[in-house]
Protein chains: 4
Amino acid sequence: MNTFGNKFRLTTFGESHGVAVGGIIDGCPSGIRIDFDAVAADLSRRRGKAGAGASARALQESDQVEWLSGLLDGITLGTPIGFIVRNTAQQPDDYSNLEHVFRPGHADLSYLKKYGIRDARGGGRASARETVSRVVAGSIAKQILAEKGVSVSAKVIMVAGFGEERADQWEALISEARQDGDSVGGVVEGLISGLKAGVGEPVFDKLQAMLAYSMMSIPAVKGFEYGEGFREAQMRGSRCNLLRDGISGGISTGDDIRFRVAFKPTPSIAREQIMQALEPDGSFTERIVSINGRHDACVAMRAPVIVESMAALVLVNLI
Amino acid sequence: MNTFGNKFRLTTFGESHGVAVGGIIDGCPSGIRIDFDAVAADLSRRRGKAGAGASARALQESDQVEWLSGLLDGITLGTPIGFIVRNTAQQPDDYSNLEHVFRPGHADLSYLKKYGIRDARGGGRASARETVSRVVAGSIAKQILAEKGVSVSAKVIMVAGFGEERADQWEALISEARQDGDSVGGVVEGLISGLKAGVGEPVFDKLQAMLAYSMMSIPAVKGFEYGEGFREAQMRGSRCNLLRDGISGGISTGDDIRFRVAFKPTPSIAREQIMQALEPDGSFTERIVSINGRHDACVAMRAPVIVESMAALVLVNLI
Amino acid sequence: MNTFGNKFRLTTFGESHGVAVGGIIDGCPSGIRIDFDAVAADLSRRRGKAGAGASARALQESDQVEWLSGLLDGITLGTPIGFIVRNTAQQPDDYSNLEHVFRPGHADLSYLKKYGIRDARGGGRASARETVSRVVAGSIAKQILAEKGVSVSAKVIMVAGFGEERADQWEALISEARQDGDSVGGVVEGLISGLKAGVGEPVFDKLQAMLAYSMMSIPAVKGFEYGEGFREAQMRGSRCNLLRDGISGGISTGDDIRFRVAFKPTPSIAREQIMQALEPDGSFTERIVSINGRHDACVAMRAPVIVESMAALVLVNLI
Amino acid sequence: MNTFGNKFRLTTFGESHGVAVGGIIDGCPSGIRIDFDAVAADLSRRRGKAGAGASARALQESDQVEWLSGLLDGITLGTPIGFIVRNTAQQPDDYSNLEHVFRPGHADLSYLKKYGIRDARGGGRASARETVSRVVAGSIAKQILAEKGVSVSAKVIMVAGFGEERADQWEALISEARQDGDSVGGVVEGLISGLKAGVGEPVFDKLQAMLAYSMMSIPAVKGFEYGEGFREAQMRGSRCNLLRDGISGGISTGDDIRFRVAFKPTPSIAREQIMQALEPDGSFTERIVSINGRHDACVAMRAPVIVESMAALVLVNLI
């Protein structure tokens, strides 16, 4: 369903080309003064920067949050916080050639099969626009965590296979891909500091399981690892036992926790692609189609604030 | 908590050195004839084989399931299925030197910090013995899935950095590590076939998110990826769009789904290690201690049936 | 928390004197054409009629629903339906004399003790205004049930101790109470027809348990019974066994289900009452205060549509 | 499903004529020394006394609890507590004439319609035997509450229409009904004392809603009310506002809470009754049948400890 968490619960709604996206934060403690500027700053990070491959639409959305409940003079009442962010920069005409066409790497066809109906303008719920609500709630979660001395941060550590030591070339790589009508992937690393020992549940809701669940729920994510991750499968136990990766038996140890999240390239690319199309007679054919729209050439660049938000939502639920 | 799933719900209990492990399966459909031999066979796979690095204890446990409810002449009633598996081969004396010592890579200390008390004999709930209940329930889940044409399988694809093409050397690698009082890691690949389109939820409970959550809840797992995983972060979008990885927008497409799970080496190794110890005065010191017990030299070898079980529990809840 | 149901889930937000009330309906099936007129008609029933004791505020609110997501041309997409209803007729000045005073029979003091903060204008979340969101979702739930042949209806059967056979005197009784600066209680009876056998869970989530839970969550409700209810405690078994009350072992039998809900008189009355007051020095004193505001003289009169809504939400979750 | 609570969670299993009943208590805090004698005493109260109408079977069951996990030397570890109580006094032959017959007032037919299969020996999950697990968990919950100064008690206040002031006649009334091959109902009153202000949630999970849900989940319960209950529907607001019933806006006020629960007469009576029967050709006919078995003539007499248990489970989850 569209709810994340069981104590600090975020329930979201909204299609990319509908009236608004938004959500309800239930279980936020009372008496917290919300830093609205910090929320706006996080939404700005989500929109991204032109040079870093952000889409034209993202850059045009103002992302003004309307706070509808749960606050009195900016202080939380302990009651549910309803909020909406209106969609203002849609261009549904961009999708006029896609009404009966299913974009590769997108959820168009799987939605149609699941629901028997879909909003063909933009990705509907599958659009990255849905992450606006996650960032609003995640920003508040980070504020709550900060008061407890816990910080959550994330950064891009690889673009198109180039690591941090060659970060100065990332913009050029992204630009080059965009000029080719193509896109590139990347890896985001998250860091949790200041978390005291004892957070996480021992069997199913292990801390690493909740982090993996939350990260894999972000659009375009293909993999998750923590500590040394896949590399540990190649080490010997005597070596691994020397690592301090911040989680033991699913429970935090008090040490820093580092994790990595793999983002595939955005599947919305300008170059012509073969796509499945639904003909009026109900049969499927293949067509060569270009995706118009205004899309990111590298979604990973805008992802760190989303990664932070999801990690913060996990932690605020487990603490 | 100790419950997995919301429709086909498994709740588990049991410490490795207590009376029994077991669980309750709630939400199993009525009218299903349980194949008890298949359950026994899966438990046997979990125990492992001597040459493949299984522990002496695992090999000695008979793992007899006592079915307490929910069945009439072997057919499910639709009511909760209670089951227990008694622990018969414990050797608590193996842990007599560990009562106030915290093994590196184990949950000993994090449990103590979380609960203020722990069962120092074996790993308690953190022991891999807890996975017995997962395999019992997972085996039933696989039977239900098989009737719907869905198969779930898993196999080891890498041990100590050696891939499948050199699988003939795995036993030697494991044996060598054991002789060194050490252990090795591995990678398990899962395959889901026959799943129809439309399974999975679009936002938080994406199919890949539920799979990641379930796999990361298995002891010793450090990473999860599906499709081409981390490699996709280095590809271009035009290339990725040609992949068919079985999930789109969190929802199954009808294609096969492949995923990989990284297991670290078992942290219980025979060689002497530096461990933290709790002194009678409440202070922590360091000691050099050997772990006795009877432990796997490569947990990944016994893991495929656990990976299958968790994938089956995910699917049976989403279908 | 502020979520009702696990399949067709309603999450609500909104204080009586805030910007808006609203909610998210998650899990509504796709492909349903919403009858917006029926929703408006149910909201109109909730507002009540002047003669029947409805408050001036209720009568002034227009209760326009803004639908924000989950719909395409009035048809459900299967995605969450976000909606808001703006508060337009608040008169916060009515509460200026109540900022540090706690009305008897209200949640003012218990909120302050629970959260350490409260919105003193109106009842906040405890106001009957919160039921707007229940009626919106309940109206949709009734539409879904109607397609399955299930009808849910409710009516007042007693006011101030006068049963249906003297219903012609109810308005006079209510009017008299209001003139006295007082209020009266009532009983609402619900009727579920057309429900097929097999709905409800056998142990905890018995159909009658879910109905009781939902009804007792309505403000001002003090009791619930189904079938012959408390009268059955005085019957013999041979007599009770002849009754057909529509539920057996927690599961519907296919017969009609009748239940009754007791509403206390609205506690907001005009006459002077002794109230607890919080003095600037933190001590509690007693004061004689009148409640201004604009309140119902008999909440039971507006309650049938709320009772229907809650019953419909229960059923749509169990079916 | 078969789980009660979300923090202190009881999941139960077991048919009345199966191997055992039992459950898992998940979320019990660590470090609590269980008073096993108190648990045994509560189970003894559940079995009842011969003169007070308890069934012969109940009196014969030893109700020995086997504790399987979650405890070390009688102290809770914070891990799930698995327990079973074997069924030892079944007499399945009593039900040999009922295999294709559906007892009036029982769940026999509704189970068959829901699941397509049923265990015809005794009531299966619908039997009052299922409440053994509730009493085990409730007894522990009461111990936890007692440490926080909260007491939960319950007593019979009416049998067959005779109130407490004529309690000396109850045994005679019950005995008379039994001699007639019949049974009688009763009312149980619960009392919660020492609960501090602030417990309960303001909208759906109101304290009274959770209490109603828990009580209505007990077999044979037909009604619930708190404070003055249905009588308040006949009072004026000025009068009701003077009552202190312990809950305001769904949240405890710190005052005592009193509630009443109506139990119908046990439907298993010895005298001949008309019952529906399923003929070999699939048609339904009517037959005159006697119920053998060994049944209570007044279930309300054994109910107080069950009422206490459910109230305690509600409170321990909300605190």
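Residues numbered from 1 in each chain as written. Chains lettered and ligands numbered in written order. Predicted model: local features only at pLDDT ≥ 70, side-chain atom pairs only at ≥ 80, totals over all residues. Heavy atoms only, no water.

### Overview of the overall build of chain A
Helix and strand counts for chain A come out as eight helices and 17 strands. Seen through its C-alpha atoms, chain A measures out along the principal axes to roughly 60 × 55 × 40 Å. Burial analysis of chain A (319 residues in total) assigns 65% to the buried set. Look at the contacts in chain A between residues 6 or more apart in sequence, and 72% of them connect residues 24 or more apart. Carbon and sulfur atoms provide 49% of the accessible area of chain A, an area that totals close to 10800 Å². Of the charged side chains in chain A, 36 are positive and 38 negative; the average position of the first set lies 3 Å away from that of the second. (Helix = DSSP H or I, 4+ residues; strand = E, 2+ residues; numbered from the N terminus. Buried < 20%, exposed > 50% of the residue type's maximum accessible area, 1.4 Å probe, protein only. Contact = heavy atoms within 4.5 Å. Areas by Shrake-Rupley, 256 points an atom, 1.4 Å probe, with all protein chains shown as cover. Lys, Arg positive; Asp, Glu negative; His and termini not counted. Charge placed at Lys NZ, Arg CZ, Asp CG, Glu CD.)

### Observations regarding the pattern of salt bridges
All names here are of chain A. The tally for this structure, following the rule as stated, stands at 104 salt bridges over all chains. Aspartate 63 serves as the salt-bridge partner of arginine 129, at 3.2 Å between the closest nitrogen and oxygen. Taken as a pair, arginine 129 in the loop between helix 3 (108-115) and helix 4 (131-147) and aspartate 63 in the loop between helix 2 (56-60) and strand 4 (65-67) lie far apart in primary sequence, 66 residues in all. Among the charged side chains, a network of salt bridges with common partners joins Asp42, Arg45, Lys142 and Glu308. (Salt bridge = Lys/Arg side-chain N within 4 Å of Asp/Glu carboxyl O.)

### What about the pairing of strand 12 (residues 221-226) of chain A?
For a regular strand, side-chain orientation follows a simple rule: the groups alternate between the two sheet faces. Of all the six residues making up strand 12 of chain A, six are buried; the element is thus mostly covered by neighbouring parts of the structure. When strand 12 of chain A meets strand 15 (residues 257-263) of chain A, the two strands line up antiparallel, connected through five bridges. Residue pairing in the sheet places Glu225(A) in a bridge with Arg260(A) of strand 15 of chain A. Here three bridges tie strand 12 of chain A to strand 12 (residues 221-226) of chain B, and the two strands are oriented antiparallel to one another. Residue pairing across strands places Glu225(A) opposite Gly223(B), the latter belonging to strand 12 of chain B. (Pairing = 2+ DSSP bridges.)

### Structural notes on the confidence of the model for chain A
On average, chain A scores 92 in pLDDT, and the residues at 70 or more come to 97%. The ipTM assigned to the predicted complex is 0.95, against a pTM of 0.95. (pLDDT = per-residue confidence, 0-100.)

### Some thoughts on the sheet that holds strand 9 (residues 151-159) of chain B
Strand order in the open sheet formed by ten strands is 10(A)-9(A)-11(A)-15(A)-12(A)-12(B)-15(B)-11(B)-9(B)-10(B), and the pairing between neighbours is antiparallel. Looking along the sheet, the strands with just one partner apiece sit at the ends: strand 10 (162-163) of chain A together with strand 10 (162-163) of chain B. Of the pairings in the sheet, the one linking strand 9 of chain B to strand 10 of chain B comprises two bridges and is antiparallel in character. From the neighbouring strand, Met158(B) faces strand 10 of chain B, where its bridge partner is Gly163(B).

### Topic: the interface of chain B and chain A
In this assembly, 82 residues from chain B lie in contact with 81 residues from chain A. Both faces combined, the contact of chain B with chain A buries some 6100 Å², and carbon together with sulfur accounts for 58% of it. Looking only at chain B, the three residues that lose the most surface to chain A are Phe204(B), Lys222(B) and Arg236(B), adding up to 14% of its buried area. Counting every contact that joins chain B to chain A gives ten salt bridges. The salt bridge involving Asp180(A) is made with Arg236(B); its shortest N-O contact spans 2.6 Å. (Buried area = accessible area lost by both parts, 1.4 Å probe.)

### Things to note about the packing of aromatic side chains
Each aromatic ring pair is described using two quantities: the centre-to-centre distance and the angle formed by the ring planes. Under the definition given, this model contains 32 aromatic pairs over all chains. Each residue in the set Phe4(A), Phe204(A), Tyr213(A), Phe4(B), Phe204(B) and Tyr213(B) is aromatic and connected to the rest through ring pairs, giving one cluster. The ring of Phe162(A) has Arg166(A) sitting right over it, with the charged end atom 3.9 Å from the ring centre. (Phe/Tyr/Trp six-rings, centres within 6.5 Å; stacked < 30°, edge-to-face > 60°. Lys NZ or Arg CZ within 6 Å of the ring centre and 35° of its normal.)

### Focus: the environment of Asp256(D)
Residue and element names in this part refer to chain D. Along the polypeptide, aspartate 256 turns up in the loop between strand 14 (251-252) and strand 15 (257-263). Residue classification places aspartate 256 among the partly exposed positions, given a relative accessible area of 37%. On a C-alpha basis, the gap between aspartate 256 and serine 127 in space is 32 Å, while along the polypeptide they are 129 residues apart. If near-sequence neighbours (up to four positions away) are discounted, aspartate 256 is found in contact with Leu191, Ile192, Ser193, Gly194, Arg244, Asp245 and Gly246. In terms of polar contacts, aspartate 256 uses its side chain to reach the side chain of serine 193, at 3.2 Å. (Polar contact = N/O pair within 3.5 Å; in protein donor to acceptor, adjacent residues only side chain to side chain.)

### With respect to helix 5 (residues 170-179) of chain A
Residue and element names in this part refer to chain A. By the burial criterion, the buried members of helix 5 are Trp170, Leu173, Ile174 and Ala177. The arc that holds the buried residues of helix 5, viewed along the axis, is 95°, so those residues lie on one side. Packing partners of the buried residues in helix 5 comprise strand 9 (151-159) and strand 10. Just beyond helix 5, the residue with positive phi is glycine 181, at close to 65°. (Arc of directions from axis to C-beta.)

### Thoughts on the side chain of Ser69(A)
In this fold, Ser69(A) is placed in the loop between strand 4 and strand 5 (71-72). Of the polar contacts made by the side chain of Ser69(A), one reaches the backbone oxygen of Pro80(A); its length is 2.8 Å. Of the polar contacts made by the side chain of Ser69(A), one reaches the backbone nitrogen of Gly82(A); its length is 2.9 Å. The contacts of Ser69(A), once residues within four sequence positions are left out, are Pro80(A), Ile81(A), Gly82(A), Phe13(C), Gly14(C) and Glu15(C).

### Description of the interface of chain A and chain C
Opposite the 40 residues of chain A that make contact, chain C presents 40 residues. For the pair chain A and chain C, the two sides together bury roughly 3000 Å², of which 64% comes from carbon and sulfur. Our count for the chain A to chain C interface comes out at two salt bridges. We note a salt bridge from Glu66(A) to Arg86(C), for which the minimum N-O separation is 3.5 Å. Linking chain A with chain C are eight residue pairs in polar contact (both at pLDDT 80 or more), by the criterion used here. Across the side of chain A that touches chain C, the residue classes tally to 14 nonpolar, 16 polar and ten charged. (Nonpolar A, V, L, I, M, F, W, Y, C, P; charged D, E, K, R; others polar.)

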